[in-house]
Amino acid sequence: MPTTSPTTTKALTNSIRTPLGVEILTGEHGGETPARLPGQGRPHPARRLRARDGGEYLFVGLGGGTNPPDPRPLTLHLAPGDLCFYDVRHVPALDFPERFRATVFLVPGDLLGLADADAGRIARTPVARSSRLGMLLSPLLSELARATAEARPQVGEMLAWNAVNLLATLVTEQLGGQSPDPAGARSPLLARVLDHIELHLTDPDLSPEVIARAHHISVRYLHKLFKDEGTTVGRWILRRRLDECRRDLIRHGRGSRTIAAVAARWGFLSAPHFSRVFRAAYGMSPREWRDSAGGAARAGRG
């Protein structure tokens, strides 16, 4: 059943949190208290969302970022049905009508495949309800939020995971359709390095030294490329391997492939080490993830 979250305001009264670390909040704002989005601290005065009409608005609060916030002022104008991303560490202030409905997805950025450097960009471009993807996803995400709150736990987890997958698709579309700032554009060399990592992700011997040697650069310069992206070589490789392991665990469930076999397939030499880093990344063990997310998916198909 839904529970009241400590991050909500009076405007957001229904909340459900899944083992994925995803929280979905819905509610009507009636004007008796200032409207606020869930997040850490007070609304950021230089970041403001404005709307003139009542109706439902969708928000995605991105958590887990480490980069400093974008210092540029931000004012976005929204219409009912629009979907807007924001950083939960620097919540935008709302200038909204007296009555409106809010649906908020609080999602760790890494579940959406977002690097820290991308979070600031995507928060500056709302997805309009009138756009091609907005027309498709806005009502679907709204209905998923309501269905998740009303479903039994296993089915609710599956629905929440479906919502995350839709949001990840939306993120990919949004970032792919934007022209990145020249200063933030990835160099051709880094693009080749990332392709190399993808091709050799299953190789347990993949290391900064091996990658640097393959591209005829120094290890020091390789580290600088990733530092400019706000991460490290090791973190990037680990995140990508964990992403693939997480997908495999859902795909195979309790089938023929064991957790140790999944870990080994994606370059983890030690099953205990894999379990530790998986829990640190997702807040649950690989077995708990497989049983909850995979079990929910099978329940939904039944």
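As the structure is a prediction and not an experimental result, all values here were calculated from the model. (Residues numbered from 1 in each chain as written. Predicted model: local features only at pLDDT ≥ 70, side-chain atom pairs only at ≥ 80, totals over all residues. Heavy atoms only, no water.)

(A) Expanded view of the environment of A119. Mapped onto the secondary structure, A119 falls in helix 1 (residues 116–122). Taking the C-alpha atoms as reference, A119 lies 7.9 Å from G65; in sequence the two are 54 residues apart. Leaving out residues up to four positions away in the same chain, A119 has contacts with L62 and L114. (Helix = DSSP H or I, 4+ residues; strand = E, 2+ residues; numbered from the N terminus. Contact = heavy atoms within 4.5 Å.)

(B) Region of interest: the packing of aromatic side chains. Enumeration over the complete set of coordinates arrives at eight aromatic pairs. Arranged with centres 4.8 Å apart and planes meeting at 65°, the rings of Y57 and F96 form a pair that is edge-to-face. With Y57 in strand 4 (residues 56–63) and F96 in the loop between strand 7 (92–95) and strand 8 (100–108), this residue pair connects regions lying 39 residues apart in the sequence. Each member of the pair, Y57 together with F96, is buried. Ring geometry for F59 and F96: centres 6.2 Å apart, planes at 45°, overall tilted. In this pair, F59 is assigned in strand 4 and F96 in the loop between strand 7 and strand 8, connecting sequence segments 37 residues apart. The exposure class of F96 is buried, given its relative accessible area of 13%. (Phe/Tyr/Trp six-rings, centres within 6.5 Å; stacked < 30°, edge-to-face > 60°. Buried < 20%, exposed > 50% of the residue type's maximum accessible area, 1.4 Å probe, protein only.)

(C) Spatial organisation of the sheet that holds strand 5 (residues 74–78). Spatially, the three strands line up as an open sheet ordered 5-3-7, and their pairing is parallel. Every other strand in the sheet has two partners, leaving strand 5 and strand 7 as the edge strands with one partner each. Going from strand to strand, the sheet's axes swing by 25° on average, the running direction of each strand aside. Across five bridges, strand 3 (residues 44–51) lies against strand 5 in parallel orientation. Across the sheet, R50 pairs through a bridge with H77, a residue of strand 5. (Pairing = 2+ DSSP bridges. Axes fitted to C-alpha atoms, helices over the stretch in contact; angles between N-to-C directions.)

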